[in-house]
Each structure stands twice: as structure tokens, then as C-alpha cells.
Amino acid sequence: MATFLYRLGRGAFRRRGLVALLWVALLFAAGFGAASASAPTSGSFSIPGSEAQKAFDLLDERFPGMAADGANARIVIKAPEGAKVTDPGPKAEVQKIVSGLKTGPGAAEVSSVADPYEVQAVSQDGSTAYISAKYTVSGMELKDDTREALKDSGEAAKAAGLNVQIGGDALMAAPETGSGEIIGIAVAAIVLVITFGSLIAAGLPLLTAIIGVGIGVSSITALANVLDLGNTTATLATMIGLAVGIDYALFIVSRYRVELAEGRERDEAAGRAVGTAGSAVVFAGLTVVIALVGLAVVNLPMLTKMGFAAAGTVVIAVLVALTLVPAILAFAGKKVLPAGEKSRLFGKGKPAGAEKKANGGTRWARFVLRRPVMVLLAGVIGLGVIAVPASKLEMGLPDDGAQPVSTTQRQAYDLLSDGFGPGFNGPLMVVVDGNKALADSTVDRIKGLDGVVAVTPPTLNEAGDAAVITVIPKDRPSSTHTEELVHEIRDGSGDDVLVTGATAMNIDFSQKMNDALLPYLALVVGLAFLLLMLVFRSVLVPLKAALGFLLSVVAALGAVVAVFQWGWLGSVFGVEQTGPIMSMMPIFMVGVVFGLAMDYEVFLVTRMREAYVHGERPGQAVVTGFQYSARVVVAAAIIMIAVFAGFMGASDQMVKMIGFGLAVAVFFDAFVVRMAIVPAVLALLGHKAWWLPKWLDRLLPNVDVEGESLRKHLESTQSPQGPKGPDQERELVGA
């Protein structure tokens, strides 16, 4: 592989114009496709095999139109202190809102509006009422005029002294990342400038990463409606694509500068950089892709599509690093070197062979080698303490109750809860596959259960062979008592009585996540273990990598629980409302963080393996790996943390939580596991770290990530008498 990548990198360097033109053409083609496509929707949500989904499907079959995916809105009106919404003045204002929704701007997208006085949507004390509006399209597909008309529908009532707030998914909009993403990229740029000491070298990884993400995200946008991708898919692909795109380019450029510092010609340096560091990029990218594609085992279409879309962006990032980066290096010339060719990374411009002062990575590695037990215990115990809150993890899906208190959705949620009870925000829908007698007996049984506030009479379909019953729980939708009520209704019913609704769907979704976590973990870790065994020709190094990852991801989950569930330092991280952790968070973090964690394992330990294969003792190989890779790994980690942390400024709670979780996980994994625990374990293992049974060594193909076969190939093809002839040149570049 190293020889193939050498030829690819050198060929891209020499044919820089053609390579750059192809990538720019891809970017424009993807951009044109995105601009021509209609706006992405919120994506359909389904949980195959769950009772809630079976009930939803039955509802769609027996009650056509009732299960439609159109947006819903609840306009909640509260009368002033001492007044009631049934008084003539407030009642007239409420009916103006109803009339405006039916006939005003945006009415073409309104399918129904329920008058609260006709459907008994007034609280017992008369202080609060709500208007239910149903739309023909989803919240993401609503026209701006329709959404603005909904927002403005209660302005006249507010002027009359009523408190009017709006909830529901009709106000749903694409998540906004705010300025956080820009700040993250700015931090990445500063780190790159400090690392390389050259504006051109610093800008190159940013430029190539943006091109790669532009192609990936534009492709996702162009195919969003065709493939039914959710509106957050592009955001998550951007998050991951930017992080790995910058990192992969960073490692190629860093190795290129090392090769230049050793006196090689620029095209030769580019070829060797891609042949060595590029091999690490390929296998690091493969681990990320395995982790993301592996999300398919959860059997949730939404999560599967998110994983495949993000994996596609990672593949593009790898291809960009292997081809576009060397092409742009050819355009840049010697401008990628620091001023005066004095690099902080490579001996400050001293000639090859001159004695160099030990850099920070070398000094740190030597410190760990002197005190491996102390460093190992400090790292493991520290992460273990941070992981403790993960034992109290509560999972659920965010609803309007998780919105910041300043939003109209949250205020509408609170008004409904105060006027009608906490459970009114999460009613249960019971679908009966049977006649009226079965439906009536089901109503009687549910009324006798604890935790039930109200049960509506059954509504039968035209054929009389199915009925719908609405159950109002006593507690809020995310309460454990409500979850127990759902299970109690299900346990006491046969296959003809099914519970669905948003609350039941959330419960089933969380259960699906729990059930899939261990199989997914086994699949991803198992495949990556085999991949790393190929890379490092070792059994213990991949095992150490997997165990270190588990430690960092559990610690990151502990931090997420402490901040988003318990509220510790919530104001510092912009968390306005605490609540259960999003159900997909643990499994999503396992997938993404595992792939990213293996990046640092591959980049750092590959250099150690290279030194060990070339004859260095185990301890010295660790020092050599840190000498050349530690500073770059630290820079890459800071960049990735900055990019992920930038998404904490998003308006969407899910994106905010994922950004925080990934940033913290990368911090733990890069600075504690890879930079401290890994060298400590390798120091304790010595030669055993690189042990592989002979029979297994014969079975595994040799992928040559350390470039040993490349070195031999170059020695055999490059003449020591002088420059190579044309035939040799063509052989090396694959012409």
C-alpha cells in the first residue's frame, strides 16, 4: 500500500493542474446539485419492529389522513389575572386567531384548525385555552410566509392583554450553528499557524478541508429529499468532515515538511509523505467509516442515513488528503516552509545530522518512560472519577420542555402544563384493532390505572373495526412514571391494543438504543481491532487502543450527564435547560468517538512502529514516535476540539449536546489516553507490545503502513550514481 500511495502522491504533485481542476469541478457540480434541489425536510422518523411503530402503521391503514406527517401547532392563550378566556373580550380575541389561521396568510397550507370552545380545549378554571392547527406539510417544508403568519397570529391578542405562546413542530427550522462554528475554524487556523510557522502551510489544511466538506455537504443537500435525509444530517457531516479533513491534511503536510528537512526534492518529499503518513490517513479514515457505517446495526433508518452520510464525507476527506493536498503543495512551492526555513517542529532550520534540542514531545515521552506506573494510574483513576456520573444516565428525546425558557415553545409547554396538567404535553394514543366492545373495555381498564388523569371515549373509524383512545398521563412526558404507565397499559393488553404517540415513540426509541448498544460496540470494536492488528502487526497494541477508547468515551458520557442532566457548569457551556440525555447520544458517541480516537492511535503509534521496525529498541521507539508526532497530534486534537466545541453554539439541543460530548471525548482520548496512558503501557510491555503469533502473522496480509517495503523499493529503483532516468521516473509515478 505504501508504494501505491507513494506513486499516487507523487503523481498528484506532478499533475497538480489536472488534480486541482477535477476537485474544483466536483465542488461546482455538487454545489449546482444542492442549489437545484428543494429544501431538505425534517426526514421521516420510524422505529421498525416497535409497538409504537406498529400502532402508527395501523393508524395509517385504518384512519387515512390521521397519521399524516403534516406539522402541528398549538397556540396557547392565557387570560390576564382575574379574567377568564371564556369572558366576551378574551373569547373574541381567541376566535380572531382561529379565523386568521383559517383564512389569513398561509391558510393554503392549513388543513384544519380546532376552535377551543367547540372541542373543549379550555382548562377547568377557565384561565387557559389552546388552538390546535394542523398543516399539510412538515415543519421544515412550511413556507416562510406561513410560518411568519403563525408567529404573528396572536399579536393582536397580546396587545389586548392576553398571554399567547406557540408550541408544536410547525415552528421547526433548520438548526443554526451561530458564530460558534466560525470561532472553531478560527481557533483551528491559529493552531495551524503556530504549528507550522507559515500562513501558506496553515491555510492549506483549512482550504482542502473546506473543499472536501463543501463537496460532501452539497451532495447531502442535493440528495436530501431523494434519500429522505433528516435536516440535521448535513450539520453532523459538516462537524465530522471538518474535523477529520483538517487533521488528515495536517498530517500529510507535516510529514512533507519532515521529508524536505531531510534534503529531499519536493516531488519526492510529497510522494514519501503520502506513502507513509498517507497510509496512516487511510487506516484512520477506515476506522471512522467502520464506526459510522456500523450504526446500521441499530436498525433505525434515521440513524443509518446519518451514519452513511457522515461516512461519505470522511471518505471524501481521505481522498482529498491523498490527492488534492500534494497537488496544492506543488502550487505552494517553498512557501509551506516557515520564514527563514526555521521550523518549530523540525530543529529550527538546523542542517540534517546536526544535534537538535529535545522538543516537548521527546521530553514528555522520556518522563513517562521513567514513571510509567504513576502516569498510568493517574490517567486511569482520573478518567474513572469523571466517568462516575455516567452510572446515573437518564435517556429520552428532547421535547418543547427541554427548550430554553426564553422561547415561545417552552412557554407554551409551561402554560399547558399549568392549565391542564403536566401530562397534557405528552398524551398517549391507544389504537384498538377491534370493534366498539373491545374499545369500551379497554377504556374501562385504563381508567383504573394509577397515573391516568383522563381517558377520552373511543373514536371508531368508518368501518367500525378500529378505534383510537387518547390517554392523558398524570406526569410529564419524560417522567419515569409516564414510562411505567405505558408499559402497564401494554402489559395488560393483547396484540389488539397498541400504544403510540410521541411519548410512546420516545420510550421505544430509548429502548431500541439500549438494546443495540452492546451488539454495536462488539461489531465496531471487533472490526477495528482486526484492522489495527493489520496495521501494527500486534495483538496487545489494538487491545490497548480499544480499552483506552472505552475509558475515554465513558468519561465523556459522565461529563455529558454532569453538564446536561445535572446542570453542573451549565451556564458556562450555554445549557439553559437540563433534562434527560438524548437517547441516541451514547451509541452515537461510541461510533464517532471510536473512529476519531483511532485516528490518534494510528498517527502516533504508526511512527513508533516505524522506528521499531527500523531497529530501535521499544523505549527509544516510543520517544521517536513522540518526537515526530506528539506536537502534530496535539495540534490536531486542539483543532478537532475547537471544531466540535464550535457547534455548542447551535440552536438545536441535539447538535449542542453532540458538539460538547465529542469535544470532551477527543480531549480525554488525545491528552489522557493517547498522550499518557498509551506510552505508559508501551513502556511497561516493552518488546511484548509488538508480539504477534507466527501463525497469525502468516495469515494476515502485510499492509506495510510503516513504509518498509516502500523504502526497499526506492533503494532498489533509485540509482546512487545520480538522477534517475526517464524510465525509472515513469515507473515510480505510475506513468
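Parameters at a glance
- Residues numbered from 1 in each chain as written.
- Predicted model: local features only at pLDDT ≥ 70, side-chain atom pairs only at ≥ 80, totals over all residues.
- Heavy atoms only, no water.
- Helix = DSSP H or I, 4+ residues; strand = E, 2+ residues; numbered from the N terminus.
- Expected span 1.5 Å × (residues − 1).
- Buried < 20%, exposed > 50% of the residue type's maximum accessible area, 1.4 Å probe, protein only.
- Phe/Tyr/Trp six-rings, centres within 6.5 Å; stacked < 30°, edge-to-face > 60°.
- Lys NZ or Arg CZ within 6 Å of the ring centre and 35° of its normal.
- Axes fitted to C-alpha atoms, helices over the stretch in contact; angles between N-to-C directions.
- Parallel < 35°, antiparallel > 145°, perpendicular 65-115°, else oblique.
- Left-handed = near helix turned anticlockwise from the far one by under 90°.
- Contact = heavy atoms within 4.5 Å.
- Nonpolar A, V, L, I, M, F, W, Y, C, P; charged D, E, K, R; others polar.
- Core = buried A, V, L, I, M, F, W, Y, C linked by side-chain atoms within 4.5 Å.
- Patch = residues over 30% accessible without salt bridge, like charges linked within 9 Å, V, L, I, M, F, W, Y side chains within 5 Å.
- Areas by Shrake-Rupley, 256 points an atom, 1.4 Å probe, with all protein chains shown as cover.
- Salt bridge = Lys/Arg side-chain N within 4 Å of Asp/Glu carboxyl O.
- 1 Å grid on protein atoms, 1.4 Å probe; cavity = no way out; pocket = protein on both sides within 12 Å on 5 of 7 lines; lining within 4 Å.
- Points joined across faces, edges and corners; volume = space filled by probe spheres on them.

Asker: So what's going on with helix 9 (residues 233-261)? Residues and values would help.
Answerer: Helical geometry: 3.6 residues make up each α-helical turn, so side chains three or four residues apart lie on a common side. Taking 1.5 Å per residue, 29 residues should reach 42 Å; helix 9 reaches 42 Å between its end C-alpha atoms and fits that length. Along helix 9, 28 of the 29 residues are buried, which leaves the element largely enclosed by surrounding structure. At the C-terminal side of helix 9, Gly-263 shows a positive phi close to 90 degrees.

Asker: So what about the packing of aromatic side chains? Which residues, and what values?
Answerer: Taken as a whole and judged by the stated rule, the model has 10 aromatic pairs. Seen from their ring centres, Phe-667 and Phe-671 are 5.4 Å apart, and the 40 degrees between their planes marks the pair as tilted. Taken together, the residues Phe-667 and Phe-671, both in helix 21 (residues 653-685) and 4 residues apart, mark about one turn of the helix. Given the relative accessible area of 41%, Phe-667 is considered partly exposed. A residue is classified by how much of its surface remains accessible, and Phe-671, at 26% relative accessible area, is partly exposed. The aromatic ring of Tyr-130 is capped on one face by Arg-74, whose charged end is 5.2 Å from the ring centroid. Across from the ring centre of Tyr-117, 5.0 Å away, lies the NZ or CZ of Lys-91, which sits over that ring.

Asker: If you had to explain the packing of helix 9 against helix 11 (residues 301-332) to someone new, which residues and values would you point to?
Answerer: Running from N to C, helix 9 and helix 11 cross one another at 30 degrees; their axes reach a closest spacing of 8 Å. One finds that helix 9 runs roughly parallel with respect to helix 11. Seen from above, helix 9 lies across helix 11 with right-handed handedness. On helix 11, the residues touching Thr-233, Leu-236, Ala-237, Ile-240, Gly-241, Val-244, Gly-245, Tyr-248, Ala-249, Ile-252, Val-253 and Tyr-256 of helix 9 are Lys-305, Met-306, Ala-309, Ala-310, Thr-313, Val-314, Ala-317, Val-318, Ala-321, Val-325 and Leu-329. Its residues assigned to classes, the contact of helix 9 with helix 11 shows 18 nonpolar, 4 polar and 1 charged.

Asker: So what's going on with the nonpolar core? Which residues, and what values?
Answerer: Core analysis: the biggest nonpolar cluster contains 193 residues, and Tyr-248, Tyr-256, Leu-303, Phe-549, Met-589, Phe-644 and Ile-658 have the highest contact counts within it. In this structure Phe-644 touches Met-239, Ile-240, Ala-243, Leu-596, Gly-659, Leu-662, Ala-663 and Val-666, once residues within four positions along its chain are discounted. Judged by nonpolar contacts, the second largest core, of 24 residues, contains Val-98, Val-110, Ala-133 and Ala-157.

Asker: Please provide a residue-by-residue account of a nonpolar patch on the surface, values included.
Answerer: Together, Val-373, Leu-377, Ile-381, Val-385 and Leu-684 line one region of the surface with nonpolar side chains, adding up to about 470 Å² of accessible area. Among the structural elements, Val-385 can be located in helix 13 (residues 372-387). When its relative accessible area of 55% is taken as the criterion, Val-385 is described as exposed.

Asker: An account of empty space enclosed by the protein is needed here, citing residue identities and associated values.
Answerer: Scanning all chains against the criterion turns up 2 cavities of 30 Å³ or more. Put simply, the largest cavity is a space of about 190 Å³. Lining the largest cavity are 15 residues, with Phe-251, Arg-255, Ala-277, Arg-607 and Ser-629 sitting closest to its centre. Secondary-structure elements contributing two or more residues to the lining of the largest cavity are helix 9, helix 10 (266-293), helix 19 (585-613) and helix 20 (618-646). Taken together, the residues of the lining of the largest cavity sort by class into 8 nonpolar, 4 polar and 3 charged. Looking at the second largest cavity, the residues that line it are Thr-233, Leu-236, Ala-237, Met-306, Ala-310 and Phe-588. Elements with a contribution of two residues or more to the lining of the second largest cavity: helix 9 and helix 11. A total of 3 residues in the lining of the second largest cavity trace back to one element, the largest contributor, which is helix 9. Its residues placed into classes, the lining of the second largest cavity shows 5 nonpolar, 1 polar and no charged.

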